[in-house]
Amino acid sequence: MDSRQLEYFVAVAEELSFTRAAQRLFTVQSTVSAAVRALETDLKTTLFDRSTRRVMLSTAGQALLPEAKAALEALDRARAAVEEASTGLRGNLRIGTLARLSMVDMAELLGAFHRKYPLVEVHVATSPTGSTGLADDIRHGRLDVALLGLPQPELNGLDIRDLASVPFVALLPASHPLLDPASHTKPYGMPSVRLEELAGERFVDMPPGFGNRKMVDRAFDAIGRPRRIQVEVPELMTIPDYVRAGLGVAVVPDIELAEEPDVAKVPITGTELTWTLSVATAAGRRPSRAVTALLDLIGENTRPYF
């Protein structure tokens, strides 16, 4: 048994696919299959129940998985300790983030990290399914750490450190009946709205995997008034454009949304609806030295929204 075999085994166990495991490890499927077969031969047992349609862990594979992860993490820590003592912190760091995240200056954060730890190879990625995809990538070992925003029930399997919170606001076209036209010239005279007042509207929002969408959907479901989504867009900053065009209203986190002509940003009352940015790592898995170093820097580069 060697560490490479264990690495291949863990990848297949987490992906439940030899093809996806090979893609994750940047190798070919035949190499992964051969390594797993060699490990099974060495252990004199079957680690996966294979069929033409699926791959599942056997009872022996389920028993091996936590031990294999622990062994690989121990090897990584030992290797990192020796390398750091001789040449400085090294390794690879896979970071997930949300697009156009203003609450943390990612460029400044990663620049500071690179200056302090130039031998760590940093890879940054987003997910087409937003925070849900980033959380799934953490759980399956495709990312080491991620900045995301999800409601508490969606955070299973993750260790979370909350960084900042902002309230949700409603975005309404300037001509909307809920608005008093005279209030647009008075900064402190803007009305507020309740979710119940918006329940019958058409909405502009982000796709279902994004954390802010999940939170707003849950809030409307809680009052027994599920929403009708008219327009889905992947960029928060473009939502006011669709509101201004009269395609719907929106309920979004107040994250440095630019003042848009003909769009009113209105406080929401009657509910404590807030969006929280968190930094996530895998629960039950000791962070690498590179992850720990990054976590130490993140707090210093988070803007004070609380």
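For the structure itself, consult the block above.
Residues numbered from 1 in each chain as written. Predicted model: local features only at pLDDT ≥ 70, side-chain atom pairs only at ≥ 80, totals over all residues. Heavy atoms only, no water.

1. Some thoughts on helix α8 (residues 211-222)
Heads up, the condition is: Working definition: helices are DSSP H or I runs of at least four residues, strands are E runs of at least two. Numbering for both runs from the N terminus. Here the expected span of a helix is defined as 1.5 Å times the quantity of residues minus one. For the exposure calls, accessible area comes from a 1.4 Å probe over protein chains only, and a residue counts as buried if that area is under 20% of its type's maximum, exposed if over 50%, partly exposed in between.
The terminal C-alpha atoms of α8, which comprises 12 residues, lie 17 Å apart, in line with the 16 Å expected from a rise of 1.5 Å per residue. Among the residues of α8, those classed as buried are Gly211, Asn212, Arg213, Lys214, Met215, Val216, Ala219 and Phe220. Just beyond α8, the residue with positive phi is Gly224, at close to 75°.

2. Some thoughts on the pattern of salt bridges
Put simply, the rule is: For this analysis, a salt bridge means a side-chain nitrogen from Lys or Arg found within 4 Å of a carboxyl oxygen belonging to Asp or Glu.
For the structure on display, the rule yields 20 salt bridges. When the shortest N-O distance is used, the salt bridge between Glu14 and Lys69 registers 3.2 Å. Pair noted here: Glu14 is in helix α1 (residues 3-15) and Lys69 is in helix α4 (residues 59-87), with a separation of 55 residues, a long-range link. Arg218 is the partner of Glu154 in a salt bridge, and the nearest nitrogen-oxygen pair spans 2.6 Å. Here Glu154 is found in the loop between β5 (145-148) and β6 (158-173), whereas its partner Arg218 is found in helix α8, with 64 residues between them in sequence. Via salt bridges that share partners, Glu14, Glu15, Arg20, Arg24, Lys69, Asp136, Asp137 and Arg142 belong to a single interconnected network.

3. A word on the packing of helix α5 (residues 106-116) against helix α10 (residues 289-298)
If you want to describe how two helices pack, look at the angle between their axes and the distance between the axes. Heads up, the condition is: With axes taken as lines fitted to C-alpha atoms, and helix axes fitted only over the stretch in contact, angles between N-to-C directions fall between 0 and 180 degrees. For this classification, under 35 degrees means roughly parallel, over 145 means roughly antiparallel, 65 to 115 means roughly perpendicular, and everything else is oblique. The sense of a crossing depends on the near helix, which, turned anticlockwise from the far helix by less than a right angle, makes the crossing left-handed and, turned clockwise, makes it right-handed. When checking whether two residues touch, look at their non-hydrogen atoms; a contact exists if any pair is within 4.5 Å.
Across the interface, α5 lies against α10 with an axial gap of 10 Å and an inter-helix angle of 130°. When the interaxial angle is binned, α5 and α10 end up oblique. Note that α5 runs across α10; the crossing there is right-handed. Seen from α5, the contacting residues are Leu109, Leu110, Ala112 and Phe113; seen from α10, they are Ala290, Ala293, Leu294, Leu297 and Ile298.

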